[in-house]
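# Observations on the three-dimensional arrangement
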Amino acid sequence: MNAFSYRISGVQPSAIREILKSTADPGVISFAAGNPAPEAFPVDEIRRISDDIFREEPISALQYSITEGYPKLRQWLKKDMADKGNFGENEDELIITSGAQQAIETCAKIFCNEGETIICEKNSFIGSLNAFRSYNAKLVGVETDNDGMIPEKLEEALKENPRTAFIYVIPNFQNPTGITTSLERRKAILELAYKYNVLIVEDNPYGDLRFVGIDVPTIKSLDKKGHVIYAGSFSKVLSPGLRVGYMIATKMIISKATVALQTSTVHTNIWAQMVAYRFVTGVNFEEHLERLREIYKNKCSLMLNSLKFSMPRSISFTEPEGGLFIWGTLPLGDMQAFCRAAAAEKVAVVPGNAFLVDERQPCLSFRMNYSTPTDDQIEKGVEILSKVARTMY
């Protein structure tokens, strides 16, 4: 048998996916997933829309389609994104991808030569990190605080890594920390991208799920020079199983991304794109989003209040304004031992080092998800977690 390629040999399985295997035990309360709430899925509407599609235009849904994506969905997205300041009609183009994950992986594919640098937040989305690793990129993590990536640290990284392909950032309700990058920081990150002539990949899968405060303008909406590539998705607002995402960038970049996608998926599932289009145009989409925000606001509040009431004061937690995640940080000790002790009591959280650019770095944090468990599971799981914590802190 031939050896695996050097590109894939160093890529390890997702720590989260491995943890989720253990949560197949119905007795385990999982705070480890990142899935939408089961009650958030519009099952009846998707069933009705699918029936309509297969009655009215079945061949269109089952036949090959164009790589750029279902034209009606693309046109709707272009208008919606233009209204939000994320699409410049004269300079930008949009392509449909198989989730935002494919948009992000495609950026690595078309911009990153082997050994070149991709700069990320110090703790970042494991799916993106593994995509970058598969192209033998050099990953550099930049420290963050409650306002996002620290500009001085970002500039240090840019100076030290002149061969930087792009900066990857999740500004809204970041995965894993739940923090939101402030407007001031977004402007500073963009100015540094201009100064050092590098691109920014802005990943925004959670942007429509703000349930506290007011929206912060995207980095893409601030960009006047074509430096920002924007990745969006229907996964968290409609269904992750549909695998419908999109990428917005200059026409030249999207042209190259189209060629890259033709060598992999050919095109995103056309039936799923048709479902997404009919949903956003045939259902009150804003009302649907408001329902999701209310679900996640209640779940987040329940988990935060339970943590504040039960956990030792020395353990801190972020307070997200949207999205799906809370980031806990221990004052000292062995975070891995804490996570193992919780797992032994059948409560699963994700060790924070799974999200580090370099997993060997010390880490005292862990990620908790409030969208997937039921309210009863949140209360019971936090109670168990607090008992574990009180034996250690």
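Right, let's walk through the structure included here. (Residues numbered from 1 in each chain as written. Predicted model: local features only at pLDDT ≥ 70, side-chain atom pairs only at ≥ 80, totals over all residues. Heavy atoms only, no water.)

### What about the overall build of the chain?
Cut-off, in case you're wondering: What counts as a helix is a DSSP run of H or I of at least four residues, what counts as a strand is a run of E of at least two, and both are numbered from the N terminus. In this description the radius of gyration comes from C-alpha coordinates, and the expected globular size is given by 2.2 Å times residues to the power 0.38. Partly exposed describes any residue whose relative accessible area lies between the buried limit of under 20% and the exposed limit of over 50%, with all areas from a 1.4 Å probe on protein chains only and scaled to the type maximum. The contact rule is simple, with two residues in contact once any of their heavy atoms fall within 4.5 Å. Using a 1.4 Å probe, the Shrake-Rupley method yields the accessible areas, and only the shown protein chains count as cover for residues.
Per the secondary structure count, the chain includes 15 helices and 15 strands. Taking 21 Å as the expected radius of gyration for a compact globule of 393 residues, we find that the chain reaches 21 Å, a close match to that expectation. Projected onto the principal axes, the alpha-carbon positions of the chain cover approximately 60 × 55 × 55 Å. Here the chain holds 393 residues, and 57% of them are scored as buried. Sequence-distant contacts in the chain: of pairs separated by 6 or more residues, those separated by 24 or more amount to 77%. For the chain, the exposed area adds up to about 17600 Å²; of that, 51% sits on carbon and sulfur atoms.

### Concerning the pattern of salt bridges
Opposite charge on two side chains permits them to pair, given that their charged atoms come into close proximity. Keep this limit in mind: By definition here, a salt bridge exists when the distance from a side-chain nitrogen of Lys or Arg to a carboxyl oxygen of Asp or Glu is within 4 Å.
Counting across every chain of the model gives 24 salt bridges. With a shortest N-O distance of 2.7 Å, Asp92 and Lys220 are connected by a salt bridge. Of this pair, Asp92 sits in strand β2 (residues 92–97) while Lys220 sits in helix α10 (residues 219–222); the two residues are 128 residues apart in sequence, bridging distant segments of the chain. Side by side, Asp92 and Lys220 carry an identical accessibility label, which is buried. Asp375 is the salt-bridge partner of Lys299, the closest N and O atoms lying 4.0 Å from each other. A residue pair is termed long-range when its members are at least 10 positions apart, and Lys299 in helix α13 (residues 285–310) and Asp375 in helix α15 (residues 375–392) qualify at 76 residues.

### A short note on empty space enclosed by the protein
Under the convention used in this document: For each structure, a 1 Å grid was placed over the protein atoms alone; sets of points admitting a 1.4 Å probe that cannot get out are labelled cavities, open sets with protein on both sides within 12 Å along at least five of seven lines are labelled pockets, and lining residues have an atom within 4 Å of a point. Grid points are joined across faces, edges and corners, and a volume is the space filled by probe spheres set on the points. Polar here means any residue outside two lists: the nonpolar Ala, Val, Leu, Ile, Met, Phe, Trp, Tyr, Cys and Pro, and the charged Asp, Glu, Lys and Arg; Gly therefore counts as polar.
Going through the model one piece at a time under the given rule, you end up with one cavity of 30 Å³ or more. In terms of lining residues, the largest cavity is bounded by Pro36, Ala40, Phe41, Ser235, Lys236, Val237, Leu238, His288 and Leu292. Tallied by class, residues from the lining of the largest cavity come to six nonpolar, two polar and one charged.

### Details of the pairing of strand β8 (residues 199–203)
The following threshold applies: Note on pairing: two strands pair once DSSP finds at least 2 bridges between them.
Taken across its five residues, β8 has five buried, putting it largely inside the fold. Every second residue of β8 is oriented toward a common face, with Leu199, Val201 and Asp203 on one face and Ile200 and Glu202 on the other, all of them buried. Note: strand β7 (residues 164–169) against β8, four bridges, orientation parallel. When the sheet's bridge partners are listed, Tyr168 is paired in β8 with Val201. In terms of strand pairing, β8 meets strand β9 (residues 228–233) through four bridges, oriented parallel. What sits directly across from Ile200, in β9, is Val228.

### Some remarks on the packing of aromatic side chains
Counted only if it meets this: For this analysis, a ring pair means two rings from Phe, Tyr or Trp (six-membered ring only for Trp) whose centres lie within 6.5 Å, classed as stacked if their planes differ by under 30 degrees, edge-to-face if by over 60, and tilted for the remaining angles.
Inspection of the entire model under this criterion finds ten aromatic pairs. Consider the rings of Trp76 and Phe285, whose centres lie 6.1 Å apart with planes at 75°: the pair is edge-to-face. Of this pair, Trp76 sits in helix α5 (residues 71–83) while Phe285 sits in helix α13, placing them 209 residues apart in sequence. Seen in terms of ring centroids, Phe338 and Phe366 are 5.1 Å apart; in terms of plane orientation they differ by 45°. Their pairing is tilted. Residue Phe338 is located in helix α14 (residues 335–344), and its partner Phe366 is located in strand β15 (residues 365–369); the two are separated by 28 residues in the primary sequence.

### Regarding the sheet that holds strand β11 (residues 316–317)
The four strands lie next to each other as β11-β12-β15-β14, forming an open sheet whose pairing is antiparallel. Single-partner strands in this sheet number two, and they are β11 and β14 (350–351). Note that strand β12 (residues 325–329) and β15 share five bridges and pair antiparallel. Note that in β15 the partner of Phe325 across the bridge is Asn369.

### Quick word on a negative patch on the surface
For the record, the criterion: Each patch is assembled from residues with relative accessible area greater than 30% and no salt bridge, linking like charges that lie within 9 Å and nonpolar side chains (Val, Leu, Ile, Met, Phe, Trp, Tyr) that lie within 5 Å. Only four residue types enter the tally: Lys and Arg on the positive side, Asp and Glu on the negative side; His and the chain ends are excluded. Just so you know, the charge point we use is NZ for Lys, CZ for Arg, CG for Asp and CD for Glu.
Among the surface-exposed residues, Glu143, Glu152, Glu156 and Glu160 lie close enough to one another that they form a single negatively charged patch. Inspection of the secondary structure assignment puts Glu152 in helix α8 (residues 151–160).

### Looking at the sheet that holds β7
For clarity, the cut-off: Between the N-to-C directions of two axes lies an angle of 0 to 180 degrees, each axis being a line fitted to C-alpha atoms and, for a helix, fitted only over the stretch in contact.
Strand order in the open sheet formed by seven strands is β2-β10-β9-β8-β7-β3-β4, and the pairing between neighbours is mixed. Only two strands of the sheet have a single partner each, and these edge strands are β2 and β4 (138–142). Put simply, the sheet's adjacent strands are angled 20° from each other on average, direction ignored. Against the sheet, helix α11 (residues 251–262) makes contact with β2, β9 and β10 (245–250), and its axis sits at roughly 135° relative to β10, the strand it touches most.

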